[in-house]
Amino acid sequence: MTISHFGAVLLFALFTSVVFGITQRSEPRTMIRFGAFCFVLFVGGTIAASWIMWLIKH
Amino acid sequence: MTTNVQAPAQVAGKSSSMPAMALIAGWLIPGAGHLLQRKWIRGGLLMVSIVAMFTIGLALKGKIYSPNTGDLLDILNFAGDLGNGLLYVLARIFDLGQVTVQVATADYGTKFMVVAGLLNIISAVDAHSLATGRKRS
């Protein structure tokens with residue numbers, strides 16, 4: 001199996017956010033909101049860190 | 001004078017062995033702790049997520065850690081892998097997972113499996129909290 005770096009980020013963020021959403025909140029509605037929040041933070045944080053590394057290099 | 005401070009956090013009508021069963025079942029089989037308490041959707045989602053992460057880790061040729069290598073980081077990664085419960089046992093029995101990482105993306109696979117184990121521990125503890133009534137269902 002081969003996977004791109006960004007694909008790995010998306011899969012990791014998706015599965016981790018599902019578990020975080022279910023385990024860290026009590027109500028189904030807040031579970032979905034927190035899971036989505038975690039997903040955005042994971043993916044957004046990775047993209048931001050990637051740009052920071054690019055800027056440091058250049 | 002009595003207070004309610006030390007009242008047992010147990011849900012009325014539930015078996016006293018349920019919290020321990022939920023914890024152990026949830027550790028051995030991802031999502032089983034929630035399924036035992038008839039939380040079908042939550043249990044199913046947890047099972048799919050954790051099993052998928054572990055399977056993707058194996059497919060990426062990630063490394064399965066073994067105990068007693070002497071390296072501190074290996075011990076920590078082994079603890080994470082052990083969180084997968086029966087998935088880890090099956091992987092060791094069938095000799096799945098690489099001994100050493102040989103390609104760059106395989107390191108992602110290794111991390112996927114370690115994180116799957118840690119997430120499974122969180123999920124098992126959550127099932128225990130549901131069973132004791134500490135977490136509202």
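Look up: the structure comes first, before these words.
Residues numbered from 1 in each chain as written. Chains lettered and ligands numbered in written order. Predicted model: local features only at pLDDT ≥ 70, side-chain atom pairs only at ≥ 80, totals over all residues.

Draft legend 1. The arrangement of the nonpolar core in detail. Formed by 23 residues in total, the largest nonpolar core has its most connected members in V19 of chain A together with I50, M53, F112 and A116 of chain B. Taken together, the elements giving at least two residues each to this core come down to α1 (5–24) of chain A together with α3 (40–59), α5 (86–93) and α6 (106–132) of chain B. When residues in this core are grouped by element, the largest group, seven residues, is from α6 of chain B. Apart from residues lying up to four places away in sequence, A116 of chain B is in contact with I50, M53, F54, G57 and N84 of chain B. Ranked by size, the runner-up nonpolar core spans 11 residues in total, among them A22, A25, A32 and A127 of chain B. (Core = buried A, V, L, I, M, F, W, Y, C linked by C-beta atoms within 7 Å. Buried ≥ 20, exposed ≤ 12 C-beta atoms within 10 Å, placed from the backbone. Helix = DSSP H or I, 4+ residues; strand = E, 2+ residues; numbered from the N terminus. Contact = placed C-beta atoms within 7 Å.)

Draft legend 2. Region of the structure containing the interface of chain B and chain A. The interface of chain B with chain A comprises 20 residues on the first partner and 13 residues on the second. Of all the elements in the fold, those that place two or more residues in the side of chain B that touches chain A are α3 and α6 of chain B. For the side of chain B that touches chain A, the element with the most residues is α3 of chain B, which contributes nine residues. Across the side of chain B that touches chain A, the residue classes tally to 13 nonpolar, three polar and four charged. (Nonpolar A, V, L, I, M, F, W, Y, C, P; charged D, E, K, R; others polar.)

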